[in-house]
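# Reading the structure
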Amino acid sequence: MTKTSQLTTRTGINLSVRPATEGDEAMLGTFFDAVSDDDRRFRFLAASEHVSHEQLEPLLTADHFQSESFLAFDTASGELVASALLACDAGLDTGEIAVSIRSDYKGKGVGWALLDFLAGEAKERGVRRVISIESRDNHAAIELEREKGFTPEPFDDEPTLVVLSKTLR
């Protein structure tokens, strides 16, 4: 049975969050079509009008422990409004997180709620710290992550990227 979690954003939106499955590919592709061009570029670190099967596949075939891809649905409408990823290293020391939010749900607390959710999922697995790799141009995500306690660090040999990290206790 798939574990489903219920979250409420700071603006009162109720979200139902569950792991993605291989059967979600079409829905996830349609979701990323509703994400802004910049946000799609920031998430995949590549510009494209449509997310390919190869880009979606890692989000659909997680091992459900070291890596997990989550889908967040607005419980009022049933619509997919966000995608969130936790991908941990082999030793479960560090987990990389990534969140994408449908354009019409940005600024409504979905990102805040999902960052907390991903940190909790990482902590349950025993992960010591979480990181997010961001384009330096993604000012909104960098500011949000800083507000949630993440610290920016340079990304090795890549001046266009920044790593934001948070130690979990």
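You'll find the structure just up there.
Residues numbered from 1 in each chain as written. Predicted model: local features only at pLDDT ≥ 70, side-chain atom pairs only at ≥ 80, totals over all residues. Heavy atoms only, no water.

## Details of the nonpolar core
Just so we agree on the cut-off: Grouping buried Ala, Val, Leu, Ile, Met, Phe, Trp, Tyr and Cys residues that are joined through side-chain atoms within 4.5 Å yields what is termed a nonpolar core. Each residue is placed in one exposure class: buried if its accessible area under a 1.4 Å probe, protein chains only, is under 20% of its type's maximum, exposed if it is over 50%, and partly exposed if it falls in between. Going along the chain from the N terminus, every DSSP run of H or I of four or more residues is numbered as a helix, and every run of E of two or more is numbered as a strand. Note on contacts: a residue pair is in contact if any heavy atoms of the two residues lie within 4.5 Å.
Formed by 31 residues in total, the largest nonpolar core has its most connected members in Val17 and Leu114. Taken together, the elements giving at least two residues each to this core come down to strand E2 (14-19), strand E3 (67-74), strand E4 (80-88), strand E5 (94-101), helix H4 (110-124), helix H5 (139-147) and strand E8 (161-167). In this structure, leucine 114 is in contact with Leu7, Val17, Ala72, Ala82, Ala84 and Val99, ignoring residues within four places of it in sequence. Phe32, Val51, Leu71 and Leu80 belong to the second largest nonpolar core, which has 14 residues in total.

## Let's talk about the environment of alanine 82
Relative to the elements of secondary structure, alanine 82 occurs in strand E4. As for alanine 82 and phenylalanine 32, which are separated by 50 residues in sequence, their C-alpha atoms are 9.1 Å apart. Among all residues touching alanine 82, those that are not within four sequence positions of it are Phe31, Phe70, Leu71, Ala72, Ser100, Ile101, Val110 and Leu114.

## Looking at the packing of helix H1 (residues 25-33) against helix H3 (residues 53-60)
Rules: Think of each axis as a best-fit line through the C-alpha atoms, taken over the contacting stretch in the case of a helix, with angles from 0 to 180 degrees between the N-to-C directions. Here roughly perpendicular refers to angles of 65 to 115 degrees, roughly parallel to angles under 35, roughly antiparallel to angles over 145, and oblique to all remaining angles. Should the near helix be turned anticlockwise from the far one by less than a right angle, the crossing is termed left-handed; should it be turned clockwise, right-handed. In this classification, Asp, Glu, Lys and Arg are treated as charged, Ala, Val, Leu, Ile, Met, Phe, Trp, Tyr, Cys and Pro as nonpolar, and every other residue, Gly included, as polar.
Two numbers describe how H1 lies on H3: the axes approach to 10 Å, and their chain directions differ by 120°. One way to sum up the angle between H1 and H3 is to call them oblique. When you trace H1 past H3, the crossing you get is right-handed. Residues Glu25, Leu28, Gly29 and Phe32 of H1 pack against His53, Leu56, Leu59 and Leu60 of H3. When grouped by side-chain class, the residues that make up the contact of H1 with H3 number five nonpolar, two polar and one charged.

## Some remarks on the side chain of serine 165
We count it as follows: As used in this structure description, the phrase polar contact means that two N or O atoms lie within 3.5 Å; if the pair is within protein, one of them must be able to donate a hydrogen and the other to accept it, and residues adjacent in sequence are counted only when both atoms belong to side chains.
Relative to the helices and strands, serine 165 is located in strand E8. Taking the relative accessible area as the measure of exposure, serine 165 reaches 9% and is therefore buried. A polar contact is formed between the side chain of serine 165 and the side chain of glutamate 153, at a distance of 2.6 Å. Beyond its immediate sequence surroundings of up to four residues, serine 165 is in contact with Arg129, Val130, Ile131, Gly149, Phe150, Thr151 and Glu153.

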